[in-house]
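# Understanding the architecture of this molecule
Listed below, chain by chain, are the residues.
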Amino acid sequence: MKLTRLFPALALALGVSLTGALAAERPNFLIVFTDDQGYGDLSSFGSKTMRTPRIDSLAKDGTKFTSFYAQVVCGPSRSALLTGRYPVRSGGWSMPASEITLAQLLQKAGYRTGCIGKWDVSNRAPIVPRMPNAKGFDYYWGTLGANDSARVVFHENNKQVGRSQDMASLTRIYTDKGIEFLKRNKEKPFLLYLAHTMVHSVIDASPRFKGKSKGGLYGDTMEELDYETGRLLDAIDELGLRENTVVVFTTDNGPWNNMQDRLRPRHKGQIAWGSSGPLREGKGSTYEGGLRVPCLVRWPGHVPAGRVSDAIFATIDFLPTFGKLAGYKPPTDRIIDGVDQSELLLGKSRTGARDHYHYFCQNELQAVRQGPWKLVLPDKTKFYGYVNDRGSNKIELYNLDADIGESRNVAKENPSKVKELQAMAKALKLPEKIIETRIGIRRPAQKKKAAPKKTSPGKKGNN
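Residues numbered from 1 in each chain as written. Predicted model: local features only at pLDDT ≥ 70, side-chain atom pairs only at ≥ 80, totals over all residues. Heavy atoms only, no water.

This part covers unusual backbone geometry. The peptide bond linking Met-198 to Val-199 adopts the cis configuration, its omega dihedral lying at 15°. Mapping Val-199 onto the fold places it in the loop between β7 (190-195) and α9 (216-238). Of note, Gln-362 is a non-glycine position whose phi angle comes to about 50°, a positive value. Along the polypeptide, Gln-362 turns up in the loop between β12 (356-361) and β13 (364-370). Gln-362 gets classed as partly exposed once you look at its relative accessible area, which sits at 29%. (Helix = DSSP H or I, 4+ residues; strand = E, 2+ residues; numbered from the N terminus. Buried < 20%, exposed > 50% of the residue type's maximum accessible area, 1.4 Å probe, protein only.)

Right under this line is the structure:
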């Protein structure tokens, strides 16, 4: 057997070709990334109002991760996933061109790379050095930002190719584009990152699904997402790619269930938000409901089927984990916050390589978790306006194994654990210069015109 079939990483280090036989050994990667979907919005995570059999099949055929973390809002969540770095380093909506993405690393390792859907890390603007083609994706089709205005602008690679106000069509269009990418690139190892716009802000479902769920318009939209995910999985099977494709299904942050007063009127009184399930709060919050999200991973014959894991796992871990599986090494010239979770994925480790996680909101460290213990830090100053439950703003300690809803503060009963987690929070090395993670581009302040000089009576003014 060839050296390259046994040792992909070694083969890369020695400069051995990664074509032919090895290409068949290295897995493909498919990431389906939804938007604003809650922890409780899948049947496999407890929903009683939404039917999601195709997504749930990933739990049956793979592993369901119940302590999986993204970030509290859209842009920061995407920069963290792409770079393996907390958004305080990777910039969120303002992700610099200097950041290195998992797509760039896979591209250099011989993968074909495609991004479909919501980009959201170039300040929602066509800044070419920060758009997908410049950040490791061979092909891009989608929207640079969100649909908050009930309309979107499409780009194919770096070119604007159209607009739409039909939000009900987006899930199908993205899936169609994703399937086209799979068909074009089935002969080589690939990464497909499909980042849906649904179920963000202005949601809608096509006529086939509208009014069919028990969860209102939101449920209809989720059930359409399930159907379209099924189409994508069917395409994987039909192309003979099932056995060698790592499929990841997750979402960017918690649900917008804390903004019902604004979402309901925009949708003519219909339900347009998801559920955090047993978790506290929702999108924008550093309580669990803001960034603890569903995650399902399937890789037949490698990732154990039917397993449920409560090990701490996160989107920032994708970059180093994919590197172990695909044969590239993470950058060494910067801090990578993610860890290699390949042993956890493959069922060789029950607890995985991560025992802690840091929770950020607008670049402010607000909480830290180690094992089952979560410390919420005091004196927080950064909040999203729609977050209702801001806590006591004093020290809060929760045992998430016993109290997943963060309802009982046990800080007074566990002073040594509080002290230990405070030290862990202080030990995290933060950048000296922090990038402001903002949605839009800051416009330079315009200089005020000087007032004309007054002239003395009897004298002419300056011309």
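That was the structure; now back to the text.
Further remarks concern the packing of helix α8 (residues 170-184) against α9. Two numbers describe how α8 lies on α9: the axes approach to 10 Å, and their chain directions differ by 10°. Considered as vectors, α8 and α9 are oriented roughly parallel to each other. Between α8 and α9, the residues in contact are Thr-171, Arg-172, Thr-175, Asp-176, Gly-178, Ile-179 and Leu-182 and Glu-224, Leu-225, Glu-228, Arg-231, Leu-232, Ala-235 and Ile-236, respectively. In terms of residue class, the contact of α8 with α9 is made up of 6 nonpolar, 3 polar and 5 charged. (Axes fitted to C-alpha atoms, helices over the stretch in contact; angles between N-to-C directions. Parallel < 35°, antiparallel > 145°, perpendicular 65-115°, else oblique. Contact = heavy atoms within 4.5 Å. Nonpolar A, V, L, I, M, F, W, Y, C, P; charged D, E, K, R; others polar.)

Membership of the largest hydrophobic core comes to 82 residues, with the highest contact counts inside it found for Tyr-69, Tyr-357, Tyr-384 and Leu-397. At 8 residues, α9 tops the list of elements feeding residues into this core. When residues no more than four places from it in sequence are discounted, the contact partners of Tyr-384 are Val-72, Val-73, Trp-93, Gly-284, Cys-361, Gln-362 and Arg-390. One finds Leu-105, Val-121, Leu-144 and Phe-318 within the second-largest nonpolar core, a separate group that totals 42 residues. (Core = buried A, V, L, I, M, F, W, Y, C linked by side-chain atoms within 4.5 Å.)

To continue, consider the packing of aromatic side chains. With the rule as written, the count across this model stands at 22 aromatic pairs. Both rings, one in Phe-68 and one in Phe-313, keep their centres 5.1 Å apart while their planes meet at 85°; by these two values the pair is edge-to-face. Of this pair, Phe-68 sits in strand β2 (residues 63-69) while Phe-313 sits in strand β11 (residues 313-314); the two residues are 245 residues apart in sequence, bridging distant segments of the chain. Like Phe-68, the residue Phe-313 is buried in the burial classification. Here the aromatic rings of Phe-318 and Phe-322 are separated by 5.5 Å at their centres, their planes lie at 10°, and the arrangement is stacked. In this pair, Phe-318 and Phe-322 both sit in helix α12 (residues 318-326), 4 residues apart, roughly one turn of the helix. (Phe/Tyr/Trp six-rings, centres within 6.5 Å; stacked < 30°, edge-to-face > 60°.)

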